[in-house]
Amino acid sequence: MLVRERMSRRPVTIPAGTPVTDALRTMRRRGVRRLPVLDDNGRMVGIVSEKDLLYAAPSPATSLSIYELHDRLTRLTVDEVMSREVITVGPDTPLEEAARIMTDHKIGGLPVMEDGRLVGIITETDIFKVFLEMLGARDSGLRLTLDIPERKGEMARLTTAIAELGGNILALGTFLGDDPTTAVVTVKVEDVSLEQLQAAMADLDLTIVDARET
Amino acid sequence: MLVVERMTTHPVTVSDEATVAQALAIIEEHKLRHLPVVDKEGALIGIISEKDLLRAKEDDPVAGVMTREVITVTEYTAIEEAARIMADHQISSLPVMRDGRLVGIITETDLFNIFLELLAAREPGLRLTMLVPEEKGMLANLTNEIAAMGGNILALSTFRGEDPTNRMVTVKVSDVDGDKLVAIMEALGMEIVDVRED
């Protein structure tokens, strides 16, 4: 799964000279939390987040009058508060690599560049949706969590047993176990009963940690 | 995977009598984006985000600007259910309750880390993405072939495909030869989308 498959194309951008107040309004109207900032030639020169804008605005507790405040805010432009060092990815960056960059740098979105051009943006929200997709959060089925030995062929044994019962795997996720000798697998299946699965897992000597209908 | 396995226990909280400035100082010190608000008895009565605080006056009491309708989960909520609640309500953290008491918090950041774990993002291996026909038993075929080659599956995830007849699978494997793996998958009827070592 690569960035290109889940990014937003044609992201909302903003010219460098835009007043902070207008940028905040654009964000609210378009429902985004960050905007790539473009210069007059359409080149990306920075990125600005809603938080950058909120921190730039003087606190409501300031002693400035409402007129002074308004004046200051409309004069302050996004290029004065944006981040100039923009971390970007390419359309062929793996999705988990984009997610790793976001967590490691504590940022919520990455512009996607191809041949020096801005072609999209991938955000925390996009990653979140993929996460729901991976674990079948919106599908109904029987959801099992199992402890499985960290050994070659275990995943094959598990999926084969489900296939032999006529079950359809809707989602499957592998997690780190409590120690390096075990892994935790969460699997969502349909067309098979809990009793059948319990018997099959017992035959394989796998421990069911949790079972629920969703 | 349940909330209890990946939540933060003993979350940092703020008293409802604290000021906005005090709450912001706590948020900054602990690098948080949200604070559960508790009363004198330690009962959860609200939640406040960094953004709510930035929009408020510094000497306002937290109680005046917090969100009172707090959406919570329990330790036994499925992790993807917590993620679904966050996505549907556009919120990025959920207090975790047990018998009416606050016992933890689960945030977008925790789910992000689980996402990396699911895709084995921090482990080296051969990473293969392919379109798999939407038929029963295909995942079993795939995993059996990898096992037969002596490969070890580090991570396996399924995604929506290009249309309802297929789905996309990303698998990370160690101890296999990439070219051989690709050839075998193609023979099984998989369409290879991307291959890389990382």
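So, how was this worked out
- Residues numbered from 1 in each chain as written.
- Chains lettered and ligands numbered in written order.
- Predicted model: local features only at pLDDT ≥ 70, side-chain atom pairs only at ≥ 80, totals over all residues.
- Helix = DSSP H or I, 4+ residues; strand = E, 2+ residues; numbered from the N terminus.
- Rg over C-alpha atoms; globule rule 2.2 N^0.38 Å.
- Buried ≥ 20, exposed ≤ 12 C-beta atoms within 10 Å, placed from the backbone.
- Contact = placed C-beta atoms within 7 Å.
- Domains from an automatic or database assignment.
- Pairing = 2+ DSSP bridges.
- Axes fitted to C-alpha atoms, helices over the stretch in contact; angles between N-to-C directions.
- Parallel < 35°, antiparallel > 145°, perpendicular 65-115°, else oblique.
- Left-handed = near helix turned anticlockwise from the far one by under 90°.
- Nonpolar A, V, L, I, M, F, W, Y, C, P; charged D, E, K, R; others polar.
- Core = buried A, V, L, I, M, F, W, Y, C linked by C-beta atoms within 7 Å.

Novice: Talk me through the overall build of chain B; I want residue IDs and the actual numbers.
Specialist: Within chain B one finds eight helices and 11 strands. For a compact globule of 198 residues, the expected C-alpha radius of gyration is about 16 Å, and chain B comes in at 23 Å, more than 25% above that figure. The principal-axis extent of the C-alpha atoms belonging to chain B is close to 70 × 30 × 30 Å. When each of the 198 residues of chain B is scored for burial, the buried share is 40%.

Novice: Help me get a handle on the overall build of chain A, residues and values and all.
Specialist: Looking only at helices and strands, chain A has nine helices and 10 strands in total. A compact globule built from 214 residues would reach a C-alpha radius of gyration of about 17 Å, whereas chain A, at 24 Å, exceeds it by more than 25%. With respect to the principal axes defined by its C-alpha atoms, chain A has extents near 75 × 45 × 30 Å. Out of the 214 residues in chain A, the part that is buried amounts to 36%. Taking the contacts inside chain A whose residues are at least 6 apart along the sequence as the reference set, 62% of them involve residues at least 24 apart.

Novice: Any details on the interface of chain A and chain B? Residues and values, ideally.
Specialist: The interface is formed by 46 residues belonging to chain A together with 46 residues belonging to chain B. When contributions to the side of chain A that touches chain B are tallied by element, the ones reaching two or more residues are α3 (50-56), α6 (95-105), α7 (124-134), β7 (142-149), α8 (154-164), β8 (168-176) and β9 (182-190) of chain A. Per element, the largest residue contribution to the side of chain A that touches chain B is nine residues, and it comes from α7 of chain A.

Novice: Please give an account of the domain arrangement of chain A that cites residues and values.
Specialist: For chain A, the assigned domains read domain 1 (3-131) and domain 2 (135-213). Placing the centre of domain 1 of chain A and that of domain 2 of chain A at their C-alpha centroids yields a distance of 41 Å.

Novice: I'd like a description of unusual backbone geometry, backed by residues and values.
Specialist: Residue and element names in this part refer to chain A. Unusually for a residue other than glycine, Arg10 sits at a positive phi of about 45°. Residue placement: Arg10 occurs in the loop between β1 (8-9) and β2 (14-15). Positive phi is not limited to glycine here, since Asp205 has a value of about 70°. You can see Asp205 is positioned in the loop between α9 (194-203) and β10 (207-213). Given 9 C-beta atoms within a 10 Å radius, Asp205 is considered exposed.

Novice: Describe the pairing of β9 of chain A, and please don't skip the residues or the numbers.
Specialist: Residue and element names in this part refer to chain A. The pairing of β7 with β9 spans eight bridges and is classified as antiparallel. What sits directly across from Leu146, in β9, is Val185. Inspection of the sheet shows β8 paired to β9 by eight bridges, in the antiparallel sense. Bridge pairing in β9 places Leu172 opposite Val187.

Novice: Summarise the packing of α7 of chain A against helix α6 (residues 108-118) of chain B; cite the residues concerned and give the values.
Specialist: Interaxial distance between α7 of chain A and α6 of chain B falls to 10 Å at its minimum, and their mutual angle equals 60°. Between α7 of chain A and α6 of chain B, the crossing angle belongs to the class labelled oblique. Like other packed secondary-structure pairs, α7 of chain A and α6 of chain B cross with a definite hand, here left-handed. Where α7 of chain A approaches α6 of chain B, its residues Glu124, Ile127, Phe131 and Met134 of chain A are matched on the opposing element by Glu108, Leu111, Phe112, Phe115 and Leu118 of chain B. Taken together, the residues of the contact of α7 of chain A with α6 of chain B sort by class into seven nonpolar, no polar and two charged.

Novice: Which residues make up the sheet that holds strand β1 (residues 8-9) of chain B, and what are the values?
Specialist: All names here are of chain B. Strand order in the open sheet formed by four strands is β1-β7-β6-β5, and the pairing between neighbours is mixed. Only two strands of the sheet have a single partner each, and these edge strands are β1 and β5 (73-74). Summarising the sheet, β1 and strand β7 (residues 101-107) pair through two bridges and their orientation is antiparallel. Each residue of the ladder has a partner; that of Thr9, found in β7, is Gly104. In the packing of helix α5 (residues 79-89) onto the sheet, the strands contacted are β5, β6 (93-98) and β7, and the crossing angle to β6 comes to about 130°.

Novice: Now, about the environment of Gly108 of chain A: what can you tell me, with residues and values included?
Specialist: Residues and elements named next belong to chain A. Looking at the element boundaries, Gly108 is found in the loop between α6 and β5 (109-114). Under the C-beta neighbour-count criterion, Gly108 is labelled partly exposed, with 17 such atoms within 10 Å. Between the C-alpha atoms of Gly108 and Thr125, which are 17 residues apart in sequence, the distance is 8.4 Å. Residues in contact with Gly108, not counting those within four places in the same chain, are Arg33, Arg34, Ser49, Met102, Thr123 and Glu124.

Novice: How would you explain the environment of His89 of chain B if you had to name every residue and give the values?
Specialist: Looking at the element boundaries, His89 of chain B is found in helix α5. A count of 10 C-beta atoms within 10 Å places His89 of chain B in the exposed class.

Novice: Run through the domain arrangement of chain B, naming residues and quoting values.
Specialist: With domains assigned, chain B is organised as domain 1 (3-114) and domain 2 (122-197). A C-alpha centroid distance of 39 Å is found between domain 1 of chain B and domain 2 of chain B.

Novice: Quick one: what's the story with the pairing of strand β8 (residues 126-133) of chain B, residue by residue and with numbers?
Specialist: All names here are of chain B. Counting buried positions over the eight residues of β8 gives six, a clear majority of the element. The pairing of β8 with strand β10 (residues 166-174) spans eight bridges and is antiparallel. Bridge pairing in β10 links Leu126 to Val173. Bridge count between β8 and strand β11 (residues 191-197): six bridges; the pairing is antiparallel.

Novice: Got a sec to walk through the nonpolar core? Specific residues and values, please.
Specialist: Core analysis: the largest hydrophobic core is formed by 84 residues, its most contacted members being Phe131 of chain A together with Ala83 and Phe115 of chain B. Excluding anything up to four places from it in sequence, Ala83 of chain B contacts Phe128, Phe131, Leu132 and Ala137 of chain A together with Leu111 of chain B. Listed in part, the 13 residues of the second largest apolar core include Val14, Ala56, Val62 and Met66 of chain B.

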